[in-house]
Amino acid sequence: MNAAPSRTFGSVSVAMVTPFHADGTVDVPTAQQLAVDLVDAGCDSLVVNGTTGESSTTHQPEKDALLIGVVEAVGERAMVIAGAGSNDTAHAVRIAKSAERTGAHGLLVVTPYYNRPSQAGVVTHIETIADSTGLPVMLYDIPGRTGVAIGDDALDRLAEHPRILAVKDATGDVPHGFERMARTGLEFYSGDDGLNFAWLAHGASGVVSVVGHLAAGAYAEMVAEVDDGDLVAARAVATRTRALVNAIMGGGQGAVMVKEALHLQGRLPSPAVRLPLVRAAENEIAALETVLRQEGLL
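Given the structure is predicted, the values throughout are model-derived calculations rather than measurements. (Residues numbered from 1 in each chain as written. Predicted model: local features only at pLDDT ≥ 70, side-chain atom pairs only at ≥ 80, totals over all residues. Heavy atoms only, no water.)

Visitor: I tried to follow the UniProt feature "active site" (unreviewed entry) in the protein chain on my own but got confused; where do I start?
Guide: UniProt tags Y140 and K168 as "active site" (unreviewed entry). These annotated residues cover 29 residues of sequence, and their C-alpha atoms all fall within 4.8 Å of one another, placing them together at a single site. Taking the annotated residues in turn, Y140 and K168 line the largest cavity. In this structure, Y140 sits in strand β5 (residues 137–141). Not counting chain neighbours up to four residues away, the residues in contact with Y140 comprise T51, L108, V109, V110, T111, K168 and A170. Looking at the secondary structure, you find K168 in strand β6 (residues 164–169). (UniProt positions renumbered as here; feature names shortened; annotations may be inferred. 1 Å grid on protein atoms, 1.4 Å probe; cavity = no way out; pocket = protein on both sides within 12 Å on 5 of 7 lines; lining within 4 Å. Helix = DSSP H or I, 4+ residues; strand = E, 2+ residues; numbered from the N terminus. Contact = heavy atoms within 4.5 Å.)

Below is the structure:
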């Protein structure tokens, strides 16, 4: 058996959707039930108010209400990580402080999007947020969305911060992440469901998953098998979940498609999203339903 990596933020984290009523208001009771279902299914960590939670179109009272509700629902059964991302550093600090007050156990901090700051600006932005609370911080490196990556020198500096402990890597570059993981000592988490097995096989601490809404148990199994050194069995899980990953993340927008899947399962009363996101097209929903049926999820 291999020694398991350190896991400050758990091993299977689900980047939760934010349920909305049909009129667009936040549905906290459904979020609470979903959180309980996910923990029961095998996840040990939840991200609330992250990208999949449509954080760019929810506002502070709503973010607080969701966090309070989810923490109340799962108690200490799972780590609750609050998204604290903004391209306005002062705004991100306000989100972080509010998350700490409302009971979050950790923060997910994405690089500042759209502004295209220098690497010095990226470091200062993240350090300022990390300094604003006593919570442990997971960085979120997703240059395809933000337009700015965390460079090697910047990551080395950030790794020296006492509360910056992990990286959610959605760069798609596992070999580079493997080097950075070894060099910095930071915990790395897969931020791309299609690469979960690859990241775990390279020593990642866990996954932060959208598909985990439907496959938390399978990913928990994958993590356990990698910990046991049984890569053949873990790869079989990856193969088994491939169609589901492709259906949710392959062509559409992850938050949109996973809401449609949860709605088809009856776990989400409404698949409503907030503009500029729109619901999936009828042919996309039909194709998704076919995969869910084939996978025994309907």
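Visitor: What is the right way to read the layout of surface pockets from this model?
Guide: If a probe as big as a water molecule is rolled over the atoms, it shows which places are left empty. In this structure, the largest pocket encloses a volume near 560 Å³. Secondary-structure elements contributing two or more residues to the lining of the largest pocket are α3 (89–101), β4 (106–110) and α5 (143–146). For the lining of the largest pocket, the element with the highest residue contribution is β4, accounting for three residues. Of the voids in this model, the second largest pocket is the one considered here, and its volume is about 320 Å³. (Points joined across faces, edges and corners; volume = space filled by probe spheres on them.)

Visitor: Looking at this model, I keep getting lost on empty space enclosed by the protein. Mind explaining?
Guide: Enumeration according to the criterion identifies one cavity of 30 Å³ or more in this entry. Contributing to the lining of the largest cavity are A15, V47, G50, T51, T52, L108, Y140 and K168. Among the residues making up the lining of the largest cavity, the classes are represented as four nonpolar, three polar and one charged. (Nonpolar A, V, L, I, M, F, W, Y, C, P; charged D, E, K, R; others polar.)

Visitor: How should I be thinking about the sheet that holds strand β3 (residues 79–83) in this particular structure?
Guide: What links the strands of a sheet is backbone hydrogen bonding, and the strands pair in either a parallel or an antiparallel sense. Within the closed barrel, the eight strands sit side by side as β1-β2-β3-β4-β5-β6-β7-β8. Their pairing is parallel. The sheet shows a mean angle of 25° between the axes of neighbouring strands, direction not considered. Here strand β1 (residues 12–15) runs beside strand β2 (residues 45–48); their pairing, made up of three bridges, is parallel. Each residue of the ladder has a partner; that of V14, found in β2, is L46. Its contacts with the sheet place helix α9 (residues 212–227) against β1 and β8 (206–209), and it is angled at close to 165° to β1. (Pairing = 2+ DSSP bridges. Axes fitted to C-alpha atoms, helices over the stretch in contact; angles between N-to-C directions.)

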